[in-house]
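Next come the chains, spelled out residue by residue.
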Amino acid sequence: MQRMYELGARSVSVASIGPIGCIPSQLVKANSNGECVEFVNKLAQDFNAALEARLPSFNAKLPGAKFLYGDVFNPIFDYRQYPEKFGKLLYLFTLFYSY
């Protein structure tokens, strides 16, 4: 972030890591029958928490900087786990392509 600031960046959106325990390679490795790998998702959540906690220090240390945290993990995880909340068509699509 320091380097981006040095190159002139002042307003930067920093996205979290998504639910990487739900990506196909993890599902296959874990032979999880379509269930997300909880341990891998926990690692991503721990990283995201540390990232979000670190951004205010960059904003305080670098004059004029505005680093904003964007949560990607939770919306994607919710969609993956509860697709029916997002509409019937998306729910059917998820069932078809999840396995």
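Please refer to the structure higher up on the page.
This structure is a prediction, so every number in the text was calculated from the model and none was measured.

Caption draft 1: Local environment of the pairing of strand β1 (residues 11–15). Burial along β1 is one-sided: the residues Val 12 and Val 14 are buried and none of Ser 11, Ser 13 and Ala 15 is. Sheet analysis places β1 next to strand β2 (residues 66–70), joined by five bridges and oriented parallel. Bridging from a neighbouring strand, Ser 11 pairs with Lys 66 of β2.

Caption draft 2: Region of the structure containing the side chain of Asn 48. Counting through the fold element by element, Asn 48 comes out in helix α3 (residues 38–61). Judged by relative accessible area, Asn 48 falls into the buried class, the value being 4%. Those residues in contact with Asn 48 that sit more than four places away from it in its chain are Ser 16, Ile 17, Tyr 69 and Phe 73.

Caption draft 3: Up close: the packing of aromatic side chains. Throughout the structure, instances matching the rule amount to two aromatic pairs. Centre to centre, the rings of Phe 73 and Phe 77 are 5.6 Å apart; their planes meet at 20 degrees, and the pair counts as stacked. Pair noted here: Phe 73 and Phe 77 are both in helix α4 (residues 73–81), with a separation of four residues, about one helical turn. Among the residues examined, Phe 77 registers a relative accessible area of 22% and is labelled partly exposed. Residue placement shows Arg 10 over the ring face of Tyr 5; its charged tip is 3.8 Å from the ring centre.

Caption draft 4: The nonpolar core, seen in detail. Tyr 5, Val 12, Val 14, Leu 51, Leu 55, Phe 58, Leu 62, Ala 65 and Phe 67 together form the largest nonpolar core, which totals nine residues. Broken down by secondary-structure element, the contributors of at least two residues to this core are β1 and α3. The dominant element in this core, judged by the number of residues it contributes, is α3, at three residues. Look past the residues within four positions of Ala 65 in its chain and what remains in contact with it is Tyr 5, Arg 10, Phe 58 and Asn 59.

The rules behind each value
- Residues numbered from 1 in each chain as written.
- Predicted model: local features only at pLDDT ≥ 70, side-chain atom pairs only at ≥ 80, totals over all residues.
- Heavy atoms only, no water.
- Buried < 20%, exposed > 50% of the residue type's maximum accessible area, 1.4 Å probe, protein only.
- Helix = DSSP H or I, 4+ residues; strand = E, 2+ residues; numbered from the N terminus.
- Pairing = 2+ DSSP bridges.
- Contact = heavy atoms within 4.5 Å.
- Phe/Tyr/Trp six-rings, centres within 6.5 Å; stacked < 30°, edge-to-face > 60°.
- Lys NZ or Arg CZ within 6 Å of the ring centre and 35° of its normal.
- Core = buried A, V, L, I, M, F, W, Y, C linked by side-chain atoms within 4.5 Å.

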